[in-house]
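What follows is each chain in one-letter form.
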Amino acid sequence: MARNGTENGEFSFASSGSSTTGRNGLPKIQTHKKQDEICHDDSGPTVKAQTIDELHSLQKKKSAPTTPIKGTQGAFATISEDDRQKQQLQSISASLASLTRETGPKVVKGDPARKSETPRASHVTHHHYTPTLSTSDSSLKFTHILYNLSPAELYEQAIKYEKGSFITSSGALATLSGAKTGRSPRDKRVVKDETTENELWWGKGSPNIEMDEHTFLVNRERAVDYLNSLDKVFVNDQFLNWDPENRIKVRIVSARAYHSLYMHNMCIRGTPEELEKFGSPDFTIYNAGQFPCNRYTHYMTSSTSIDLNLARREMVILGTQYAGEMKKGLFSLMHYLMPMRQILSLHSGCNMGKDGDVALFFGLSGTGKTTLSTDHNRYLIGDDEHCWSDHGVSNIEGGCYAKCIDLSREKEPDIWNAIKFGTVLENVVFDEYTRVVDYSAKSVTENTRAAYPIEYIPNAKIPCVGPHPKNVILLACDAFGVLPPVSKLSLGQTMYHFISGYTALVAGTEEGVKEPQATFSACFGAAFIMLHPTKYAAMLAAKMQMHGATGWLVNTGWSGGSYGSGQRIKLPYTRKIIDAIHSGSLLEANYKKTPVFGLEIPTEVEGVPSEILDPVNTWSDKNAYNETLLKLAGLFKNNFEVFVNHKIGKDNNLAEEILAAGPIF
């Protein structure tokens, strides 16, 4: 046989009867020389390394250090690679500077586990920056900067150094956010100064809890000192807003690989060329994570504090590791910065048809915003945060933050398939052996989440921008069962229902059927808005009027009675309604007006039973319908009192058009 080499004349096993028997009676291997008397050798050349460390260094191919330097284009173009690295580290050191010292800490790039603590000055691959500091313990050490690490590098850091980090069977990184598994809105504060006192919305109904400049600086010092005391910190330089003319540069300084990977996914990832020209950030987040604030500090009510200083363009996070605080803190920033540029910031989903028709979807949790804005026949511009400028719409973010509770491949295939390598899974439960995630498990929290880059969605539109919207869809899950499945809104009604931000939740279902609870969230995102809701509503109406957009109120809740007696409107019917809005056919329908709310409802929609389009038809008890309708109208009216009586700056006039668009009874 050729396998033993005899045909090739290389080697063979001696027969059992041969005198050439080896030890223990085993046959010897006999080597047969070829004609050229050189035996076949299939071994490769030895590696060019003297030590195991040298061998490991050969394993990794160097990334292209920079894009080509081109003549005199740009501020960074004429400097060397070493000088460019030095400028970058100077910028990061300045970000980490204590306010009581003139300069920032000593910083060096790289993982302290892989490099010596103090780099040699002559070793050009160790880029570091040493400022002039008065002698102290903090001035004697280097802070290692892990700058814009790749997902693979962040996986390694998380798994090696952060307990509770595991790779799941799909390749995603499972992490824990610690004691806090959701946002802490009562611990979020905004610095009130001469400017913000008049510009922001303060008082009853407002999400903005005030703090003074001094207290912010105390908390900032605490966070910066903690970060500087660590051997290493993670630094992300990224962007917000896909509109290139209104892009914001953000720097996130954090203590955990989990936080760095989360923001890598959620913010817009710059190209190497864009990062070279990054310079100083427009806004900086100092995330000290688990390190608490000092509870004796003025304004503090717990060990957690999330502080926003618009004048300094900084945010400080103490006492919580929940990553969503960073995302929503930046969203609050955009709710302030963008309207100052006459750009409307929106808490909405956004998609676009193949003919370029754009729709915005507003809705609170449970209304179907994610489900209805995810449409395989349309491109996804974004799932949560957008801007509407003179150019059209643009996504603020570079990723999606999806709820995972009860996730299934059948219900949400796009989200299911996006949970792969690079995705962060927060607080999920998985099998200890197979690492298969159990999305129905709530043992850590019900608020399990996945954060992934938007390009993980197959029909995402990259870049995430689109023309001016044609349709503005306000979603409500009305558990009272009195709102129509679809209504066409006037501009005044669009503003009224946008400011109201209504849905109804069903509470206490485990203890038996209880009354539905009305929930109102101004602009469908009250926790994040900075200005008075009427400012956003007026901008929305002006843009809709200018670009010919139509407002719609879509009820995804109950029909034929309130929760307990009626039925949930079937999802296929709601999809048919949304399809008719997208196609423009619903504009051609015949309409009639409802009592009390004065809503224009179509008499027929293709694929939807006509009798359900007017809710009164579906109730067997008409008196009960009228009572419930008036009850809901009263809840709307009571909620709106906050906005009628509120004074913002020097102007306390609400447009009469908005008030007239509310329920009349």
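Higher on the page you've got the structure.
Residues numbered from 1 in each chain as written. Predicted model: local features only at pLDDT ≥ 70, side-chain atom pairs only at ≥ 80, totals over all residues. Heavy atoms only, no water.

J.: Hey, could you go over the environment of Arg 409 for me, with residue numbers and the actual values?
T.: Assignment of secondary structure puts Arg 409 in the loop between strand 21 (399–403) and helix 11 (413–418). Residues within four places of Arg 409 in sequence aside, it is in contact with Trp 416 and Asn 417. (Helix = DSSP H or I, 4+ residues; strand = E, 2+ residues; numbered from the N terminus. Contact = heavy atoms within 4.5 Å.)

J.: Could you give me a rundown of a nonpolar patch on the surface, with the residues and numbers involved?
T.: A contiguous nonpolar patch, built from Ile 52, Leu 55 and Leu 58 and spanning about 280 Å² of accessible area, is present on the exposed surface. Inspection of the secondary structure puts Leu 58 in helix 1 (residues 52–59). (Patch = residues over 30% accessible without salt bridge, like charges linked within 9 Å, V, L, I, M, F, W, Y side chains within 5 Å. Areas by Shrake-Rupley, 256 points an atom, 1.4 Å probe, with all protein chains shown as cover. Salt bridge = Lys/Arg side-chain N within 4 Å of Asp/Glu carboxyl O.)

J.: Hey, could you go over the pattern of salt bridges for me, with residue numbers and the actual values?
T.: Across all of its chains, the model carries 17 salt bridges by this definition. Across the pair Asp 237 and Arg 251 runs a salt bridge, and its minimum N-O distance is 2.7 Å. With Asp 237 in strand 10 (residues 232–240) and Arg 251 in strand 11 (residues 248–254), this pair connects stretches of sequence that are 14 residues apart. The exposure class of Asp 237 is buried, given its relative accessible area of 1%. Classification of Arg 251 as buried rests on a relative accessible area of 1%. Here Asp 384 makes a salt bridge to Lys 328, at a shortest N to O gap of 2.8 Å. Note that Asp 384 is positioned in the loop between strand 18 (379–382) and strand 19 (385–389) and Lys 328 in helix 9 (residues 324–340), a separation of 56 residues in sequence. Across the pair, exposure class does not vary: Asp 384 and Lys 328 are buried alike. Each member of the salt-bridge network shares a partner with another, and the members are Lys 327, Lys 328, Lys 369, Asp 384, Glu 385 and Glu 397. (Buried < 20%, exposed > 50% of the residue type's maximum accessible area, 1.4 Å probe, protein only.)

J.: So what about the environment of Phe 498? Which residues, and what values?
T.: Positionally, Phe 498 belongs in helix 12 (residues 491–500). For Phe 498, a relative accessible area of 1% translates into the label buried. Taking C-alpha positions, Phe 498 is 9.1 Å from Ser 521, a pair spaced 23 residues apart along the chain. Beyond its immediate stretch of four places on either side in the chain, Phe 498 contacts Leu 346, Phe 362, Leu 474, Ala 522, Cys 523, Phe 524, Tyr 536, Ala 537 and Leu 540.

J.: Now, about the side chain of Thr 367: what can you tell me, with residues and values included?
T.: Along the polypeptide, Thr 367 turns up in the loop between strand 17 (358–362) and helix 10 (369–373). The class of Thr 367 is buried, set by a relative accessible area of 0%. Polar side-chain contacts of Thr 367 include one of 2.7 Å to the backbone oxygen of Leu 364. If near-sequence neighbours (up to four positions away) are discounted, Thr 367 is found in contact with Leu 475, Ala 476, Cys 477, Thr 503 and Thr 556. (Polar contact = N/O pair within 3.5 Å; in protein donor to acceptor, adjacent residues only side chain to side chain.)

J.: Residue-level account of unusual backbone geometry, with values.
T.: Here Ile 462 and Pro 463 are connected by a cis peptide whose omega angle stands at -5°. Within the chain, Asp 406 stands out as a residue other than glycine whose phi angle is a positive 60°. Mapped onto the secondary structure, Asp 406 falls in the loop between strand 21 and helix 11. Given a relative accessible area of 44%, Asp 406 falls into the partly exposed group. A positive phi angle, close to 60°, is found at Asn 427, a residue other than glycine. Counting through the fold element by element, Asn 427 comes out in the loop between strand 22 (424–426) and strand 23 (429–430).

J.: For the packing of helix 4 (residues 151–161) against helix 7 (residues 257–266), give the residues involved together with the corresponding values.
T.: The contact between helix 4 and helix 7 brings their axes to 9 Å, and the two run at 155°. Relative to helix 7, the element helix 4 is oriented roughly antiparallel. Seen from above, helix 4 lies across helix 7 with left-handed handedness. Contacts between helix 4 and helix 7 pair Pro 151, Leu 154, Tyr 155, Gln 157 and Ala 158 from the former with Ala 257, Ser 260, Leu 261 and His 264 from the latter. Class assignment for the residues of the contact of helix 4 with helix 7 results in six nonpolar, three polar and no charged. (Axes fitted to C-alpha atoms, helices over the stretch in contact; angles between N-to-C directions. Parallel < 35°, antiparallel > 145°, perpendicular 65-115°, else oblique. Left-handed = near helix turned anticlockwise from the far one by under 90°. Nonpolar A, V, L, I, M, F, W, Y, C, P; charged D, E, K, R; others polar.)

J.: Tell me about helix 14 (residues 571–583), and name the residues and values.
T.: What sets the pattern is the α-helix's 3.6 residues per turn: residues three or four places apart point alike. For helix 14, which comprises 13 residues, the first-to-last C-alpha distance of 18 Å matches the rise-based estimate of 18 Å (1.5 Å per residue) to within 8%. For helix 14, every residue scored as buried is listed here: Thr 574, Ile 577, Ile 578, Ala 580, Ile 581 and His 582. Each element contacted by the buried residues of helix 14 is listed here: strand 16 (349–352), strand 17, helix 10, strand 27 (469–476), strand 28 (486–489) and strand 31 (550–555). (Expected span 1.5 Å × (residues − 1).)

J.: Tell me about the nonpolar core, and name the residues and values.
T.: Core analysis: the biggest nonpolar cluster contains 150 residues, and Leu 330, Trp 388, Ile 419, Leu 425, Tyr 452, Phe 498 and Phe 597 have the highest contact counts within it. In terms of residue count, the dominant contributor to this core is helix 9 (eight residues). Counting 19 residues, the second largest nonpolar core, distinct from the first, contains Val 486, Ala 580, Val 605 and Val 608. (Core = buried A, V, L, I, M, F, W, Y, C linked by side-chain atoms within 4.5 Å.)

J.: Tell me about the pairing of strand 16, and please be specific about residues and values.
T.: Side chains Gly 349 and Asn 351 project from strand 16 onto one buried face, and the interleaved Cys 350 and Met 352 project onto a second face that is buried too. Pairing analysis gives four bridges linking strand 16 to strand 17, with the strands arranged antiparallel. In the sheet register, Cys 350 faces strand 17, and the bridge partner there is Leu 360. Where strand 16 folds back onto strand 17 in an antiparallel hairpin, the turn is made up of five residues, including Gly 356, whose phi is positive at roughly 90°. (Pairing = 2+ DSSP bridges.)

J.: Mind laying out the sheet that holds strand 21, listing which residues take part and the relevant values?
T.: Sheet strands associate in pairs through backbone hydrogen bonding, adopting either a parallel or an antiparallel arrangement. With mixed pairing, five strands are arranged side by side in an open sheet as 6-7-22-25-21. Whereas interior strands pair on both sides, the edge strands pair on one side only; in this sheet they are strand 6 (166–167) and strand 21. For strand 6 and strand 7 (residues 173–175), the ladder comprises two bridges, and the chain directions are antiparallel. Note on strand 7: the bridge partner recorded for Phe 166 is Ala 174. Of the strands in this sheet, strand 7, strand 21, strand 22 and strand 25 (449–453) touch helix 7, which is tilted by about 120° from strand 22.

J.: Kindly report on the packing of aromatic side chains, identifying the contributing residues and their values.
T.: As enumerated under the stated definition, the model contains 20 aromatic pairs in all. The interplanar angle of 45° and the centroid separation of 5.7 Å between the aromatic rings of Phe 331 and Phe 528 together place this pair among those described as tilted. Placement of Phe 331 in helix 9 and of Phe 528 in the loop between strand 30 (516–520) and helix 13 (533–547) is noted, with a sequence separation of 197 residues between them. Ring geometry for Phe 640 against Phe 643: centres 5.4 Å apart, planes inclined by 70°, an arrangement best described as edge-to-face. A residue pair is termed a helical-turn pair when its members lie 3 or 4 positions apart in one helix, as Phe 640 and Phe 643 do in helix 15 (residues 622–644) at three residues. Taking relative accessible area as the criterion, Phe 640 reaches 3% and is therefore assigned buried. Residue Phe 643 is classed as buried on the basis of its relative accessible area of 5%. Members of the aromatic cluster, connected to one another through ring pairs, are Trp 201, Tyr 496, Tyr 502, Phe 520, Phe 597, Phe 636, Phe 640 and Phe 643. Between the NZ or CZ atom of Arg 247 and the centre of the ring of Phe 239, over which it lies, the distance is 4.9 Å. (Phe/Tyr/Trp six-rings, centres within 6.5 Å; stacked < 30°, edge-to-face > 60°. Lys NZ or Arg CZ within 6 Å of the ring centre and 35° of its normal.)

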